Amino acid sequence: MIQNNKDVIVAVATAPGRGGVGVVRLSGSADLSPYLTGLVGRQTMEPRLATYCRFRDAQGEVIDEGIALYFPSPGSFTGENVLELQGHGGTVVLNRLVLRCVELGARLARPGEFSERAFLNDKMDLTQAEAIADLIDASSYEAARSAVRSMQGEFSVLVNQLVEKMIRLRIYVEAAIDFPEEEIDFLADERLRKNLHDLAFDLQAILVRARQGSILRDGMTLVLAGRPNAGKSSLLNALAGSDAAIVTPVAGTTRDVLRERILLDGLPLNVVDTAGLRESDNPIEQEGVRRAWVEIENADVILFLVDATETDSPDLLSIWPEYFTRLPEARQPVTLVLNKIDRSGHTAGAVSGRVNTFAISAKERTGLAALSAYLQKTIGYQGQAEGVFSARRRHLDALIKAQSLVATGIAQLEDAGAGELLAEDLRQAQAQLSEITGQFTSDDLLGRIFSSFCIGK
Ligand SMILES: Nc1nc2c(ncn2[C@@H]2O[C@H](COP(=O)(O)OP(=O)(O)OP(=O)(O)O)[C@@H](O)[C@H]2O)c(=O)[nH]1
Ligand SMILES: [Mg+2]
């Protein structure tokens, strides 16, 4: 995937469609003077100075007029020579400019290829490149703020500091192993234990912040499940604040899976409404129930709704036995929601004396604040916390793996005085962290990361 770095690449950098201004970006380590000559009729251009030009085709006909900007290597986004043409934002005009560049020898850039080159030329590390993509995709104010923090390197700095600490510890431990006469003393040193525990503590602190970022970026998936008529669609509508789903007194109203992306007091949630679970002869409903199960299996959080006028049994096993048989290794926490309390007479809010049980009325919209607060807490969302940076699933995975390796390493040392095992755990933990910033990342992974970016980025 990472190849052809000699090519000059070109792409439209602005969003497709019509706009006041459209930007074509050209980048390559090669001399760009043929492009300057071919496009704007000059051999050189003052670096970083906006120059008003006519952009011409092979016959000398004017394609557009606008501003050209030349950034010689290494002072550019990619670190290569970069030429930016700012013309008018029309699809045809911009395509003609791109074609002209291709005529002159450039090739079309792959998605994310500009960022990939910036990364390969050490203009930024992997988390920063990812943060740019996250900033562009941010769907909320907080998500955008956290992406900017990562883009400016806050996340990378913390990860690099951790790596530094790990390296120092590894040097110490490995030196101890190399001098067996002193190994016991080295390893028994109280400072080593303390440093290891500090490291574990720092890892945990970063993980907490990164997890917030990941929640902000991706949103959690909340699935509404239950028997027909329990009020799932009514709850979806109440949460979304709109009549997204059809609600009727007929059991079995919902068949399709409905998704709404909502912000619950700032927490992004993908709320999924599903068909009521029951045995049915109707093939349409059967398919709806099958799809409901797929959603349940993939949920981050499941709300199981029951009609409180029919039951308020605290026993999930009796009211939803299929859950236990179908998801034997159920990891997802199920929250029981007693709905229709306007008719059953239960008190709204957390049901006292029971875990994970809430009483609401979807119709009257009561008890929703307590449910929302509880969801925020379960998911681990801390509101508009300062210092959150955008993080992806892969960052979390690496941090979690590093954390468990450090924990094992500490145990190896404390239980068995096993310096060599500790050294190996630290080595692997360091490799995990280095994957985050891209110091040791396989080409394959890099290819996957950059190809998810947009073209021209
Ligand atoms: N009194 C009362 N009625 C409710 C409440 N929530 C839902 N209902 C009624 O219960 C009936 C079923 O509601 P839905 O939201 O369609 O239930 P559902 O779980 O989506 O049902 P299916 O799609 O058939 O599985 C409708 O007549 C709603 O008006 C509530 O909080 N109080
Ligand atoms: Mg429904």
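Everything quoted here is computed from the prediction, not taken from an experiment.

**Some thoughts on helix H14 (residues 368-379)**
Every α-helix winds through 3.6 residues per turn, so residues three or four apart in the chain are directed the same way. End to end, H14 covers 16 Å across twelve residues, agreeing with the expected 16 Å (1.5 Å per residue, within 8%). When we look at burial in H14, the residues that qualify are Leu368, Leu371, Ser372, Tyr374, Leu375, Gln376 and Ile379. Directly beyond the C-terminal end of H14, a positive phi value near 90° is found at Gly380.

**A word on the sheet that holds strand S8 (residues 258-264)**
In spatial order, the strands read S8-S9-S7-S10-S11-S13-S12; together these seven strands make up an open sheet with mixed pairing. Only two strands of the sheet have a single partner each, and these edge strands are S8 and strand S12 (349-350). Each of strand S7 (220-226), S8 and strand S9 (267-273) is contacted by helix H8 (residues 190-218), which is oriented at about 50° to S9, the strand it contacts most. Together, S7, S8, S9 and strand S10 (301-307) form the strand contacts of helix H10 (residues 283-297), whose direction differs from that of S7 by roughly 140°.

**A few points about the sheet that holds strand S3 (residues 51-56)**
Strands in a sheet are paired, the pairing made by backbone hydrogen bonds, and the direction either parallel or antiparallel. Pairing is mixed across the open sheet formed by six strands, whose spatial order is S3-S4-S5-S2-S1-S6. Edge positions in the sheet fall to S3 and strand S6 (107-108), since each has one partner strand and no second. The sheet contact formed by strand S1 (residues 9-12) and strand S2 (residues 19-28) spans four bridges and is antiparallel. Looking at S2, one finds that Val10 is bridged to Leu26.

**Focus on the domain arrangement of the protein chain**
Domain annotation of the protein chain identifies domain 1 (9-125), domain 2 (137-215 + 392-438) and domain 3 (219-379). Taking the mean C-alpha position of each, domain 2 and domain 3 sit 39 Å from one another. In this assembly, four residues from domain 2 lie in contact with seven residues from domain 3. Taken together, the two surfaces of domain 2 and domain 3 that pack against each other cover about 400 Å², and 57% of this comes from carbon and sulfur. A per-residue breakdown of the area domain 2 buries against domain 3 is headed by Ser139, Ser140 and Ile215, which together make up 90% of the total. Run the count over domain 2 and domain 3 and you get zero salt bridges. Between the two partners, domain 2 and domain 3, sit zero residue pairs in polar contact (both at pLDDT 80 or more).

Rules used in this analysis
- Residues numbered from 1 in each chain as written.
- Chains lettered and ligands numbered in written order.
- Predicted model: local features only at pLDDT ≥ 70, side-chain atom pairs only at ≥ 80, totals over all residues.
- Heavy atoms only, no water.
- Helix = DSSP H or I, 4+ residues; strand = E, 2+ residues; numbered from the N terminus.
- Expected span 1.5 Å × (residues − 1).
- Buried < 20%, exposed > 50% of the residue type's maximum accessible area, 1.4 Å probe, protein only.
- Pairing = 2+ DSSP bridges.
- Contact = heavy atoms within 4.5 Å.
- Axes fitted to C-alpha atoms, helices over the stretch in contact; angles between N-to-C directions.
- Domains from an automatic or database assignment.
- Buried area = accessible area lost by both parts, 1.4 Å probe.
- Salt bridge = Lys/Arg side-chain N within 4 Å of Asp/Glu carboxyl O.
- Polar contact = N/O pair within 3.5 Å; in protein donor to acceptor, adjacent residues only side chain to side chain.

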